[in-house]
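Observations on the three-dimensional arrangement
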Amino acid sequence: MKPVGKPGRTGELMPVEVALARLLALAEAAPIRDTETLPLAACEGRVLAQDLVSTLDLPPWPNSAMDGYALHLADWTGEPLPVSQRIFAGQAPEALARGTCARIFTGAPVPAGADCVEMQENAQVQADGRVVFTQSLRVQQNIRPQGQETTVGEVVLPAGTRLGPIEQGLAASLGCATLEVIRRVHVAVLSTGDELIEPGQPLGPGQIYNSNRVLLCSWLTRLGCEVLDAGILPDDLPTTRQRLVELGDVDLILSTGGVSVGEADFLGIALREEGELALWKLAIKPGKPLTCGHYRGVPVIGLPGNPASTLVTFALLARPYLLRRQGVQAVEPLTFQVPAGFVWAKPGNRREYLRGRLEQGRAVIYKNQSSGVLRSAAWAEGLVEVREGSTLAQGDEVGFIPLSEVLG
Ligand code: AMP
Ligand code: MG
């Protein structure tokens, strides 16, 4: 990627990383500390409130990694060994009698006195039942030692870890039936605009269906938030005021639309009457206008209304903010560098997040990148990041953020 033009070209636009740093600082100033204890199966998508400390050695005892025979290596001289016991997973073996071996199965405890397991494929059982080993043997081979995964007292997952199937599985392996997690973040979702109606209603002249509402509500639910769906605010000040007062106690007011410069910004006016609101002009495309502040002490984030702008700004700014409120440290999605499968000839003054896919390892982009076109994102597998002031030739490296990184 070639940087074009002088630094500072972006004028007074706020770079994405500055906006993110400010939002994260705001999140850290309003951490959610209340916790609840949940059954392990209900912890998906939630954030661990306390370090998960192991109360076990894992595995609790040395066990066999193979179906085969356990022996004391010094007893193997080439003379066949009789089988003195059979040990299945779930059994407690006796100590190994000297000069014998034990039939053993995967996951079964290795008996005291044994220091080697040989897999059954390398063993021959003679007619008299005694066993001969056909390959050379090493001490501790095929034995999973006690505590190889964790030992008592170790922090296995730090507080602030987001819990998903893997972490739930790990907690289960340590015997945890419940976990203490941060309570859900309560988010009020507001759509704004007289043009909006809900799906299921007939479309009148000048109207469009409200797509941001369900997009954000379902995304927030995936993120473990409790969504208070506050519906559509009409473009009129008294109603907007009234609906804001009715919101009740939430951790965040998240709105879309109604913040473009030059429009009758009823939500902005009503919020400012009882709070403070900054309008940021971001060096991001799609996106640009974003509001941020407080209303009656409640944090507010106002996303731009075009659906692709809503998606990109939620993914890159609001999502990290919400996770950081819960104490998550790693809030930024992984970005992969991939070769561009397209040409970008005109450097822009905003960072572009093009909706794209990987084809034969190269990033290609949807044909229509208008911020109103949500279909671009449904087609896409990720956001292709073209930095401000850059051009791209085919094969130049470009950032790729898989949508799967941000959707959950
Ligand atoms: P605004 O910021 O209110 O001017 O909205 C910018 C654009 O996004 C306009 O074309 C709106 O019609 C559209 N828009 C705003 N909110 C929504 C929504 N909830 N669903 C779909 N489109 C929206
Ligand atoms: Mg509007």
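In this text the structure is predicted, and so the values were computed from the model without any measurement. (Residues numbered from 1 in each chain as written. Chains lettered and ligands numbered in written order. Predicted model: local features only at pLDDT ≥ 70, side-chain atom pairs only at ≥ 80, totals over all residues. Heavy atoms only, no water.)

What to know about the domain arrangement of the protein chain
Parsing the protein chain into structural domains produces domain 1 (9-31 + 185-206 + 225-323), domain 2 (37-54 + 158-182) and domain 3 (63-144). A separation of 66 Å is found between the C-alpha centroids of domain 1 and domain 3. (Domains from an automatic or database assignment.)

Examining the pairing of strand β26 (residues 382-386)
On any regular strand, side chains alternate: one points to one face of the sheet, the next to the other face. The element β26 is extensively covered by neighbouring structure, given that 5 of its 5 residues are classed as buried. Here 5 bridges tie strand β24 (residues 351-359) to β26, and the two strands are oriented antiparallel to one another. Its bridge partner lying in β26, Leu354 is registered against Val384. Here β26 pairs with strand β28 (residues 397-402) via 4 bridges, running antiparallel. Paired with Gly382 across the two strands is Pro402, which belongs to β28. (Buried < 20%, exposed > 50% of the residue type's maximum accessible area, 1.4 Å probe, protein only. Helix = DSSP H or I, 4+ residues; strand = E, 2+ residues; numbered from the N terminus. Pairing = 2+ DSSP bridges.)

Re the nonpolar core
Counting 49 residues, the largest nonpolar core has Val187, Leu220, Leu254, Phe314, Leu317 and Leu322 as its most contacted members. Put simply, the parts of the chain that give this core at least two residues each are α1 (16-29), β14 (186-192), α3 (212-222), β18 (252-256), β21 (289-295), β22 (298-303), α6 (307-325) and α8 (403-407). Sorting elements by how many residues they give to this core places α6 first, with 10 residues. Counting residues domain by domain, this core receives three or more from each of domain 1 (9-31 + 185-206 + 225-323) and domain 2 (37-54 + 158-182). With near-sequence residues (within four places) excluded, Leu254 lies in contact with Val187, Ala188, Val189, Leu190, Leu216, Leu220, Ile301, Leu303, Phe314 and Ala318. Grouped together as the second largest cluster of nonpolar side chains are 16 residues, Leu190, Leu233, Val250 and Leu271 included. (Core = buried A, V, L, I, M, F, W, Y, C linked by side-chain atoms within 4.5 Å. Contact = heavy atoms within 4.5 Å.)

Quick word on the packing of α1 against α6
One way to put it is that α1 packs onto α6 with a least axis distance of 8 Å and a crossing angle of 25°. Looking at the two axes, α1 sits roughly parallel to α6. Seen from above, α1 lies across α6 with right-handed handedness. Contacts between α1 and α6 pair Val16, Ala19, Leu20, Leu23, Leu24, Leu26, Ala27 and Glu28 from the former with Leu316, Leu317, Pro320, Tyr321, Arg324 and Arg325 from the latter. (Axes fitted to C-alpha atoms, helices over the stretch in contact; angles between N-to-C directions. Parallel < 35°, antiparallel > 145°, perpendicular 65-115°, else oblique. Left-handed = near helix turned anticlockwise from the far one by under 90°.)

Notes on the sheet that holds strand β6 (residues 83-87)
Read from one edge to the other, the open sheet built from 4 strands follows the order β6-β7-β5-β8, with strand pairing classed as mixed. Strands with a single pairing partner mark the edges of an open sheet, and in this sheet they are β6 and β8 (116-119). Ignoring strand direction, the axes of neighbouring strands in this sheet form an average angle of 25°. In the sheet, β6 pairs with strand β7 (residues 101-104) via 4 bridges, with the strands oriented parallel. By the bridge assignment for β7, Arg86 is matched with Arg103.

Looking at unusual backbone geometry
In this structure, Pro59 follows Leu58 across a cis peptide bond, with omega equal to -10°. Following the sequence through the fold, Pro59 ends up in the loop between β3 (52-53) and β4 (63-64). Here the residue pair Lys285 and Pro286 is connected by a cis peptide bond, since its omega of 0° sits within 30 degrees of zero. Examined against the element boundaries, Pro286 turns out to sit in the loop between β20 (284-285) and β21. For Asn142, which is not a glycine, the phi torsion comes out positive at approximately 60°. Among the structural elements, Asn142 can be located in the loop between β10 (131-133) and β11 (143-144). Backbone geometry places Gln360, a non-glycine residue, at a positive phi of 50°. With respect to the helices and strands, Gln360 occurs in the loop between β24 and β25 (362-365).

Focus: the pattern of salt bridges
A complete count under the given rule lists 17 salt bridges for this structure. A salt bridge links Arg387 to Glu385, with the nearest nitrogen and oxygen atoms 3.6 Å apart. Take Arg387: its relative accessible area is 37%, and that puts it in the partly exposed class. Among the charged side chains, a network of salt bridges with common partners joins Glu17, Arg351, Glu385, Arg387 and Glu388. (Salt bridge = Lys/Arg side-chain N within 4 Å of Asp/Glu carboxyl O.)

As for the sheet that holds β14
Taken together, the 6 strands give an open sheet; going across it, the order is β17-β14-β18-β22-β21-β19, and neighbouring strands pair in mixed fashion. Looking at which strands have only one partner, the edges of the open sheet turn out to be β17 (226-233) and β19 (275-281). Put simply, the sheet's adjacent strands are angled 15° from each other on average, direction ignored. Here β21 runs beside β22; their pairing, made up of 5 bridges, is antiparallel.

Thoughts on α1
Compared with an ideal rise of 1.5 Å per residue, which puts 14 residues at 20 Å, α1 spans 20 Å between its outermost C-alpha atoms and is within 8% of the ideal. Of the positions making up α1, those classed as buried are Val16, Ala19, Leu20, Leu23, Leu24 and Ala27. Taken down its axis, α1 places every buried residue within 130° of arc, on the same side. Elements in contact with the buried residues of α1: β19, β20, β21, β22, α6 and β24. (Expected span 1.5 Å × (residues − 1). Arc of directions from axis to C-beta.)

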